[in-house]
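Each chain, written out:
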Amino acid sequence: MTSEAVETGRSYNALWWAKVQSAGALQVSPDTPAVAGLTRAAEPDGESVWMLPTLPDGAGHSVLEELGTPPVAVEQPNETARVLAICVTCCWQDRSGPAWPGAVGTLTQIKAVYAGLRGRPEQSSDLTLIIGSLRRLHATSWLIWNEKAGEVRLGPRVITWGPSQLTGLREICRILPDPPRAVLTPRGPTGPAPDPLPSEDATPPASASADGDT
Amino acid sequence: MDATLLDAEAEAAVLRVYRQVFAVLAREAGAMIVDPELLDVDQAILDAFAEAGSDGLTVEQATLACRGYRHDVIVRRFDVLRQYGAITKLVDRPNELRHRAAFAPYVMLMFLKRMSAQGGQAELHQLLTLEAHSVSDPRAVAEQGQASIERLTKVFRLLGNELSILVSTSTTAQLRENAQLAWGNERLIEQAEKVHRIVLDRWPALHRACTQLRMSLAAYADAVQLAAGRLVERAGTTRALGLLPIETWLTFTRGSGTEVLAGVLDGLLFDAAAPEFSPEGMLEAVESGRRTGTARMAPPRPSSETEAPEPTAATDREDLRAEAERILAGRDSVGIVDIVDDSGDWITARRVLAELTAAHLHDELDYELVWSDGMRIDPSAGTPWATHGSFRRVKR
């Protein structure tokens, strides 16, 4: 794979770019050589690396608005944004550092913060909304949501949040009620390792791409 | 393709200036210039006259000399030129066929082409230099200074007016096309101020005309600033990213083939289509979530009236009852004069009476305010004039 990459660096880049442009953030093995224009977000255990496009300063969705192009629509945008905000509160514990990779949060925490935000006791209907939002956010790499374990982490896309955006996020964390302190991790020492998390969804594209390159 | 586009643009620019200058004349002559070609026709005709020497030309000779153009076009332009005096008969007699051309229109034509190429700024600079020169001439008199100042005032008024009209009425694209009006404005204003200073120093009596000039200069400077502000504001982030204006992209995408389009996108990396969550948007969602969470939202209604008429009516009633009980202080009836005197000054008494009237009129409260004849007049009291009457409970 490396020889091929060295041989045809340009087409190698083009291939990766095409993959990222069509599929969004990609999870690959850490020995994949760097690709120009792509940011690498390493998983905390160092087992894999996410690749996603580097946004230049000032480029972003504000430019789309200026050009009069509608952004990509999402179902229930407010609900989804709220759940993402809640996940940021739960998973971004070191508020002085970057949001990636963050810690593992649980569905229990999310439900508690959600009820706190709504200012009323937890309701069963909340769960439908929360799970729906989590799935949507997982599909677009904003979150990594492990539905079986009921655990969530911030997705690789959050690595694009710069210092000014982190300031805004700190404000959100200040407004939202604090999540319950005890992070209930049902598994033992292997718990924090998020390997099994993407095994259902995220690994197939990664392995497929690895196959394609070798 | 580029070359032809530029040519067309240059022609259009010439035409624009030409049209502005000659519109009046041409309309009277029945021949507006509607085609850049006509300018070339004019030039060709005048060229032919230059070649012809002192004998002049007849219409037929002129059309022959300009074979490159259609006969009727030449004849029509010839007529137009004759009507506004660019071409005159060699000798002014009825059957004279030969004509001569005046040199002034040709100079004008050259001048116009030059001006349209450079936006007239160079000419304005030269004009200003000339004016400065003429007003500093030791032989110059106050009339010349005044005329000079008035000319400049008009020039800058026209400039400023055109620009501010463009700013307030036209699209950004038009404004950008006419940006030449704003070019080099600082140097222009500086030069005009120099002329102004010379004139004011030499002939202080002209201060009135000078004030006019200062005002027109200031108006021009303002218009330039407004125009620049609008252009910058519109350019926005696209300018910060070094991108071309949107209109240019739209034209380009409409007019280009697949290969060209792909060539532009080569080397650009796009993010996969995904919804965007900015911290601001999340904050907004969280805020709105909090609001809907604490209480059921009332249906949308003007917010000033949503403060529930029902509860205020209830608290109003209780407020009135408390006030009435305070006045009655356990008694069944109180005289108005006592109430007024207890209140001290009229301002307070007026408020108390208003509340008692409200209690009287309230259908759920059993109080009444009864007025009787007669009046108490006591200059030493807080309220010297007070009508008799009483405020009392109603027995039901």
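On a predicted model such as this, the values are computed, not experimentally measured, just so you know.

A. Just the overall build of chain A, in detail. When its secondary structure is counted, chain A shows eight helices and six strands. When the helices and strands of chain A are read in sequence order from the N terminus, they spell out α-α-β-β-β-α-α-β-α-α-β-β-α-α. Burial analysis of chain A (214 residues in total) assigns 36% to the buried set. Long-range pairs, those at least 24 residues apart, make up 60% of the contacts in chain A with a sequence separation of at least 6.

B. Fine view of the packing of helix α7 (residues 142–169) of chain B against helix α9 (residues 185–202) of chain B. Residues and elements named next belong to chain B. Here α7 crosses α9 at 150°, and the two axes come no closer than 10 Å. One element, α7, and the other, α9, form an angle in the roughly antiparallel class. Considering the relative orientation of α7 and α9, their crossing is left-handed. Seen from α7, the contacting residues are G145, S148, I149, L152 and F156; seen from α9, they are A192, V195, H196, V199 and R202.

C. The arrangement of the sheet that holds strand β5 (residues 143–146) of chain A in detail. Residue and element names in this part refer to chain A. Taken in spatial order, the three strands make up an open sheet running β4-β6-β5, and their pairing is antiparallel. This sheet does not close on itself; its edge strands, each paired only once, are β4 (105–106) and β5. Bridge count between β5 and strand β6 (residues 151–154): four bridges; the pairing is antiparallel. Each residue of the ladder has a partner; that of I144, found in β6, is R153. The strands touched by helix α6 (residues 124–139) within the sheet are β5 and β6, with β5 carrying the most contacts at an inclination of about 125°.

D. Region of the structure containing the confidence of the model for chain B. Looking at chain B as a whole, its pLDDT mean stands at 77, while 76% of the residues score no less than 70. Predicted as a complex, the structure gets a pTM of 0.42 and an ipTM equal to 0.73.

E. Broad picture of the interface of chain B and chain A. With 28 residues of chain B in contact, the opposing surface of chain A contributes 36 residues. Only α10 (207–240) and α13 (279–294) of chain B provide two or more residues apiece to the side of chain B that touches chain A. No other element matches the twelve residues that α13(B) contributes to the side of chain B that touches chain A. Of the residues contributing to the side of chain B that touches chain A, the split by class is 15 nonpolar, nine polar and four charged.

Analysis parameters
- Residues numbered from 1 in each chain as written.
- Chains lettered and ligands numbered in written order.
- Predicted model: local features only at pLDDT ≥ 70, side-chain atom pairs only at ≥ 80, totals over all residues.
- Helix = DSSP H or I, 4+ residues; strand = E, 2+ residues; numbered from the N terminus.
- Buried ≥ 20, exposed ≤ 12 C-beta atoms within 10 Å, placed from the backbone.
- Contact = placed C-beta atoms within 7 Å.
- Axes fitted to C-alpha atoms, helices over the stretch in contact; angles between N-to-C directions.
- Parallel < 35°, antiparallel > 145°, perpendicular 65-115°, else oblique.
- Left-handed = near helix turned anticlockwise from the far one by under 90°.
- Pairing = 2+ DSSP bridges.
- pLDDT = per-residue confidence, 0-100.
- Nonpolar A, V, L, I, M, F, W, Y, C, P; charged D, E, K, R; others polar.

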